[in-house]
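Next come the chains, spelled out residue by residue.
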Amino acid sequence: MKLKWIALFAAGGTAYVIVELLYRGRSHISMFVAGGACVLLIRLICGRMKCGLPLRCLAGGAVITVVELITGAVCNLWLGLGVWDYSHMPLNLWGQICPYFFFVWSVLALPAYGLGCLICGRPARSAAR
């Protein structure tokens, strides 16, 4: 089972970097780590939820936003790497997260959850939903 979690982390990290390359034309190694962590956490948390797909997507968006805040605090604010900056976005927090991208991440949480189910199998509790 550990091999599946490693594969999921690698697939999530790779997917996150690809999305960034397509959207911004560049990425950073920290995005691979953040993406892998996001997909693992989405699979673990959303797989245990007993609710419909919209709430799982919002929960996944929250997971990604928290990982983004932590990664941004370390990489951008503490280390000064300047990987991204949302300072120009309305209602941003320290230039690291903002409501607009929370909703983008909520939509992207669905394929992230699907990737987790594809690699690790569908969670028993959510199989009927």
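Above: the structure in question.
Residues numbered from 1 in each chain as written. Predicted model: local features only at pLDDT ≥ 70, side-chain atom pairs only at ≥ 80, totals over all residues. Heavy atoms only, no water.

J.: For this particular structure, what's the right way to read the nonpolar core?
T.: What tends to happen in soluble globular proteins is that the nonpolar side chains get buried as a cluster. Of all hydrophobic cores here, the largest spans 26 residues; its most connected members are M31, I42, Y86, F101 and W105. Those elements that place two or more of their residues in this core are α1 (2-24), α2 (29-46), α3 (53-78) and α4 (99-120). A total of 7 residues in this core trace back to one element, the largest contributor, which is α4. (Core = buried A, V, L, I, M, F, W, Y, C linked by side-chain atoms within 4.5 Å. Buried < 20%, exposed > 50% of the residue type's maximum accessible area, 1.4 Å probe, protein only. Helix = DSSP H or I, 4+ residues; strand = E, 2+ residues; numbered from the N terminus.)

J.: Help me understand the packing of aromatic side chains in this model?
T.: Centre distance and the angle of the planes are the two values used to describe a pair of aromatic rings. All chains considered together, the criterion is met by 8 aromatic pairs. Ring geometry for Y86 versus F101: centroids 4.6 Å apart, planes at 10 degrees, classification stacked. With Y86 in the loop between α3 and α4 and F101 in helix α4, this pair connects stretches of sequence that are 15 residues apart. The residues Y86 and F101 share a single accessibility class, namely buried. For the ring pair Y100 and F101, a centre distance of 5.0 Å and an interplane angle of 90 degrees mean the geometry is edge-to-face. Y100 sits in the partly exposed class, given a relative accessible area of 49%. (Phe/Tyr/Trp six-rings, centres within 6.5 Å; stacked < 30°, edge-to-face > 60°.)

J.: Got a minute to help me understand α1 in this structure?
T.: Residues spaced three or four apart along an α-helix face the same direction, because each turn holds 3.6 residues. Between the first and last C-alpha of α1 there are 33 Å, a value that for 23 residues agrees with the 33 Å anticipated at 1.5 Å per step. Considering only its buried residues, α1 is in contact with α2 and α4. Phi turns positive, to about 85 degrees, at G25, one or two residues after α1. (Expected span 1.5 Å × (residues − 1). Contact = heavy atoms within 4.5 Å.)

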